[in-house]
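This is what each chain is made of:
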Amino acid sequence: MRLVLLGPPGSGKGTQAARLKDELQIPHISTGDLLRAEVAAGSELGLQAKEVMARGELVSDEILLGMIRSRLSREDVANGFILDGYPRNVAQANALEALLASIGQPLQAVVQLDVANELLVERIAGRAKAEGREDDNPESVRKRLQVYSDSTAPVIGFYESRGALAKVDGVGTLDEVFARILAALGK
Ligand code: B4P
């Protein structure tokens, strides 16, 4: 299955994608994780991305498309993939659509995780304590939520107009949300 998980920061995309990976036996591709790996490795790309991510802004579409193109050219995506954190704006959604069309592998499902803003802030504050991620500070979280409503929310309409979107309530236990996603995927 070729799947995109959409949702604001803290909605559980990364959390649920990790579970879906085991259930569906397909790779979990998180652009946040790919970028954090570049930052940790101190690569040229990582150096460019570090400050942008810490501010809660989006890294350039060009960098992201290069990363995604290279990741989707690997053999392990032959049976599908779960994209988590990409696309994050309509330009990225168009670029992904063109890329997948060029390799004859269009998306089969897009799941949007729905969670109210107050709860997102609470969840991310919990992760900040547990993991100390650089972009989980209150100022950056505010910015990430703003970027989500300005740039990423329009992606929902993009997939809605293609009849590909399933909305899932992201509030509940991890198991409850997981069961809802599987049901939305007809699994
Ligand atoms: P990401 O790594 O994608 O960060 P995120 O949006 O915060 O989501 P994440 O997946 O980590 O959190 P989750 O909802 O699972 O991106 C980080 C940065 O990278 C971006 O700000 C941007 O700068 C850059 N970037 C990434 N992709 C990009 C792109 N395409 N274009 C440009 N820039 C890009 O979960 C959060 C917390 O909630 C966890 O602690 C979890 O335990 C908790 N949680 C989850 N489900 C829960 C539940 N049901 N109940 C209670 N808690 C729950």
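Everything quoted here is computed from the prediction, not taken from an experiment.

Chemist: Would you mind going over helix α2 (residues 31-41) with me for this structure?
Modeler: It helps to recall that an α-helix has 3.6 residues per turn; residues three or four apart then point in one direction. For α2, the set of buried residues is Thr31, Gly32 and Leu35. Down the axis of α2, the sector holding all buried residues measures 100°, keeping them to one side. Across α2 from its buried face, at more than 90 degrees, point the exposed residues Ala40 and Ala41. Tucked into the core, α2 has its buried residues touching β2 (28-30), α3 (44-55), α4 (61-71) and β3 (81-84). One or two residues past the end of α2 sits Gly42, with phi positive at roughly 70°.

Chemist: Mind showing me how you'd approach the packing of aromatic side chains here?
Modeler: The relative placement of two aromatic rings is captured by the distance of their centres and the angle of their planes. Applying the stated criterion across every chain yields a total of one aromatic pair. With a centroid separation of 5.0 Å and an interplanar angle of 85°, the aromatic rings of Phe158 and Tyr159 are classed as edge-to-face. Arg19 extends its terminal NZ or CZ atom over the ring of Phe178, reaching a point 5.6 Å from the ring centre. It is Arg162 that lies over the ring of Phe158; its NZ or CZ is 3.7 Å from the centre.

Chemist: Is there a simple way to explain the site of the ligand in this structure?
Modeler: With respect to spatial proximity, 28 residues lie near the ligand, and among them Gly12, Thr31, Arg36, Glu57 and Arg144 are the closest. In the model, an oxygen atom of the ligand is placed 3.1 Å from a nitrogen or oxygen of the Lys13 side chain. At 2.9 Å from an oxygen atom of the ligand is found a side-chain nitrogen or oxygen belonging to Arg88. Alone, the ligand offers 1000 Å² of accessible surface; in the complex the protein occludes 87% of this. Among the detected pockets, the ligand sits in the largest pocket. When contributions to the shell around the ligand are tallied by element, the ones reaching two or more residues are α1 (13-24), α2 and α6 (117-131).

Chemist: So what exactly am I meant to see when it comes to the packing of α2 against α4 here?
Modeler: The description of two helices packed together rests on the angle between their axes and the distance between the axes. As a packed pair, α2 and α4 sit with axes 11 Å apart at the nearest point and diverge in direction by 100°. One finds that α2 runs roughly perpendicular with respect to α4. Contacts between α2 and α4 involve Thr31, Leu34 and Leu35 from the first element and Leu64, Met67 and Ile68 from the second. Taken together, the residues of the contact of α2 with α4 break down into five nonpolar, one polar and no charged.

Chemist: Can you walk me through the UniProt feature "binding site: AMP" (unreviewed entry) in the chain in this structure?
Modeler: In the numbering used here, UniProt assigns the feature "binding site: AMP" (unreviewed entry) to Thr31, Arg36, Glu57, Leu58, Val59, Gly85, Tyr86, Pro87, Arg88, Gln92, Arg133 and Arg144. These residues run over 114 residues, and the two farthest C-alpha atoms among them are 24.8 Å apart, placing them at more than one spot. Narrowing the list just given to those that line the largest pocket leaves Thr31, Arg36, Glu57, Leu58, Val59, Gly85, Tyr86, Pro87, Arg88, Gln92, Arg133 and Arg144. For Gly85, a relative accessible area of 7% gives the class buried. The contacts of Gly85, once residues within four sequence positions are left out, are Leu5, Lys13 and Thr31. The topology assignment puts Tyr86 in the loop between β3 and α5 (90-102). The exposure class of Tyr86 is buried, given its relative accessible area of 1%. Those residues in contact with Tyr86 that lie beyond four places of it in its chain are Val4, Thr31, Leu64, Leu65, Ile68, Gln92, Ala95 and Leu96.

Procedures and definitions
- Residues numbered from 1 in each chain as written.
- Predicted model: local features only at pLDDT ≥ 70, side-chain atom pairs only at ≥ 80, totals over all residues.
- Heavy atoms only, no water.
- Buried < 20%, exposed > 50% of the residue type's maximum accessible area, 1.4 Å probe, protein only.
- Helix = DSSP H or I, 4+ residues; strand = E, 2+ residues; numbered from the N terminus.
- Arc of directions from axis to C-beta.
- Contact = heavy atoms within 4.5 Å.
- Phe/Tyr/Trp six-rings, centres within 6.5 Å; stacked < 30°, edge-to-face > 60°.
- Lys NZ or Arg CZ within 6 Å of the ring centre and 35° of its normal.
- Near = heavy atom within 4 Å.
- Polar contact = N/O pair within 3.5 Å; in protein donor to acceptor, adjacent residues only side chain to side chain.
- Areas by Shrake-Rupley, 256 points an atom, 1.4 Å probe, with all protein chains shown as cover.
- 1 Å grid on protein atoms, 1.4 Å probe; cavity = no way out; pocket = protein on both sides within 12 Å on 5 of 7 lines; lining within 4 Å.
- Sits in = over half its atoms within 2 Å of the grid points.
- Axes fitted to C-alpha atoms, helices over the stretch in contact; angles between N-to-C directions.
- Parallel < 35°, antiparallel > 145°, perpendicular 65-115°, else oblique.
- Nonpolar A, V, L, I, M, F, W, Y, C, P; charged D, E, K, R; others polar.
- UniProt positions renumbered as here; feature names shortened; annotations may be inferred.

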